[in-house]
Amino acid sequence: MQVLFATAEAYPLAKTGGLADVSGALPLALRRLGVDVRLLLPAYPRAYLRVENARIAAKIPPALGVNDATLIAGKFPDADLPVYLIDSPQLFRRNGGLYQDEAGKEWPDNPLRFAFLAHVGREIAMGRLGLDFKPDLVHANDWHAGLLPLYLTLERGERPATIFTTHNMAFQGNCPADWLGRLDIPPALYSTGGIEFYGHISFLKAGLRYADRVTTVSPTYAREILTPAFGCGMDGVLTERGEDFSGILNGIDENLWNPGADPVLPRPYRETDISGKRVCKAALQAEFGLNIDPETPVFGFVSRLTHQKMADVVLEVLPWLTEQGAQFVVVGEGDPAMEAAFEAARERFAGNVAVIIGYDEPLAHKLQAGCDILMAPARFEPCGLTQLYALRYGTLPIVRRTGGLADTVVDATATSIADRSATGFVFDEPTPADLTEAVNRAQSLYREPLIWRRLQLQAMAQDYSWTSSATQYAALYSAASGLPVDLGQPVADRSVVQTTRQAAS
Ligand code: ADP
Ligand code: GLC
């Protein structure tokens, strides 16, 4: 089976968050299962530099007013995964972020940029670019690729099956209705039963409505977004999809996130001997000017600094936390007001609180390894990956009982500690009081080293590899396309090539 996986980001080519982690790992896991998945994403300058064996695969005929586009074929770094990059100087060759300019302002032509991603996906899917690849199924991710299922339903000839995955219902790609003509969408579809959403065109709604199947990234979030409280206005659209909508939990790339072979750690460690974690903690404390003390609990927060992630509530709890004698390390970026508030906290609690505003991938790894406890609260969380990385690194997560957080962390209670299922701390309400209560419980258990060690080992023993989730996607691909997937016929094995990357770094 051949599958085109369309996405706006894929680590390490381009990343702003968890979508990149999933897009960089799920296709590889699927290839290990025998599915010939290929990636499609924009040729942002850094992605272009990082892709291997790049060559021109096709000239893309003018469409949507874009007439400078070329399709580049290459290989994912250190892995046997074919990648197609859309090179358009007009749309993608610019400094700044993937979605925003250097000042943090959304690119005004984002509707066109991502409609073009969908358009090129359609051309590949319909076999019109002369490639040696004709997908049986297209897997479109998030609003950026939301128009792809819609464009394919407009095709007269036979078309591949389509799956749309929403990684976050809060990001909808809504734009003014006057974009309609420029995006090549028939005016008739601009209706409540189509892609109209409160007087706007919604790319997310297009994906949810027109894909053959729709998924999201955890079973609990799949239930939550069928309700007005979590559906971001789209709960009705999803409810109409009935059985065609489901939740499949994300996994993690266990090669990239492995405390036993993580090239940025001063001392690797594994379940059988976690003594290296103390070295990682001391190194983190030293790097950030914190008192080097193995007994002081270190809390970490590696996150977008936004309302979703309860960064405001974390800020409220921070003064109390430092009064308790705890240390706190933050690496994040996001809402400018929250960034400023965290910076102010750094000044106020110097020596106990370290704050790095910015995006730093190696630091995220060092933080996961060097902290004792990861704060991963959220008002809503489709899946969440940081709590999964924390588990793997023996760093106990504090999470709110919502979305994928609820599906992946088992609260430490007397019962779960006794039956050895506990892996972290779970609270219910997005309030300082509930977060404080969970922090208190974490701090008390931290003072009981034998229990703490057992919880760490239980956390590290959890299997959140992609294997089981990729098998569920393969089954869904099979159901949607009507084609069998011959599980167990690997197309690629990253574990082999991965060794090269680790050796090189
Ligand atoms: P989301 O995608 O909603 O932001 P996830 O938990 O799914 O949340 O994924 C976040 C990803 O981004 C993780 O890989 C995390 O380590 C990474 N990340 C978040 N903020 C930063 C940062 N400031 N520096 C480095 N990595 C970060
Ligand atoms: C989104 C969600 C996050 C999820 C990630 C990958 O960014 O906010 O919860 O883990 O996508 O699916």
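Rules used throughout
- The numbers attached to residues start from 1 for each chain and follow its sequence in the written order.
- For naming, the first written chain is A and the first written ligand is 1, with later ones following in the order written.
- In keeping with the model being predicted, local features are shown solely for residues with a pLDDT of at least 70 and side-chain atom pairs are shown and tallied solely at 80 or more, while totals for entire chains, interfaces and linings include all residues.
- Values shown for side chains rest on all heavy atoms present in the structure; no hydrogens or waters enter the calculation.
- A strand pair is defined by DSSP finding two or more bridges across the two strands.
- Secondary structure elements are defined from DSSP: runs of H or I of at least 4 residues count as helices, runs of E of at least 2 residues count as strands, and each element is numbered from the N terminus.
- Lines are fitted to the C-alpha atoms to define the axes, a helix being fitted only along its stretch in contact, and any angle between axes, read from their N-to-C directions, falls within 0 to 180 degrees.
- Two residues qualify as a contact provided that any one of their heavy atoms is within 4.5 Å of a heavy atom in the partner residue.
- Each residue gets one of three labels from its accessible area relative to the maximum for its type: buried under 20%, exposed over 50%, partly exposed in between, using a 1.4 Å probe on protein chains only.
- Pairs of N or O atoms are called polar contacts if they sit within 3.5 Å, as long as, within protein, a hydrogen donor faces a hydrogen acceptor (for residues adjacent in sequence, only side-chain-to-side-chain pairs).
- Here a salt bridge means any side-chain nitrogen of Lys or Arg lying within 4 Å of a carboxyl oxygen belonging to Asp or Glu.
- Definition of nonpolar core: a set of buried residues of the types Ala, Val, Leu, Ile, Met, Phe, Trp, Tyr and Cys, connected through side-chain atoms within 4.5 Å.
- Marked domain ranges trace back to an automatic or database domain assignment.

A. Up close: the sheet that holds strand 13 (residues 298-305). The parallel open sheet is built from 6 strands, whose spatial order is 15-14-13-16-17-18. Sheet topology places strand 15 (353-357) and strand 18 (425-427) at the edges, where each strand pairs with a single neighbour. Each strand of the sheet is rotated relative to its neighbour by a mean of 15°, with strand direction disregarded. Inspection of the sheet shows strand 14 (residues 327-334) paired to strand 15 by 5 bridges, in the parallel sense. Within strand 15, the position partnered with Gly 332 by the bridge is Ile 357. Relative to strand 18, helix 15 (residues 432-446) is tilted by about 160°, and along the sheet it contacts strand 13, strand 16 (373-376), strand 17 (396-400) and strand 18.

B. Expanded view of helix 11 (residues 361-370). Extensive coverage of helix 11 is indicated by the burial of 8 of its 10 residues. Restricting attention to buried positions, one finds in helix 11 the residues Glu 361, Leu 363, Ala 364, His 365, Leu 367, Gln 368, Ala 369 and Gly 370. For helix 11, the capping residue at the N-terminal end is Asp 360, with a side-chain oxygen 3.0 Å from the backbone nitrogen of Leu 363.

C. Focus on the pattern of salt bridges. Counting across every chain of the model gives 26 salt bridges. As a salt-bridge pair, Lys 309 and Glu 381 come within 2.7 Å of each other at their nearest N and O atoms. In this pair, Lys 309 is assigned in the loop between strand 13 and helix 9 (311-323) and Glu 381 in the loop between strand 16 and helix 12 (386-392), connecting sequence segments 72 residues apart. Accessibility expressed as a relative area gives 7% for Glu 381, which makes it buried.

D. Broad picture of the nonpolar core. With 180 residues, the main nonpolar core has Leu 71, Phe 328 and Phe 342 as its most contacted residues. It is helix 3 (residues 110-125) that contributes the most residues to this core, 9 residues altogether. Counting residues domain by domain, this core receives three or more from each of domain 1 (2-251 + 465-502) and domain 2 (276-460).

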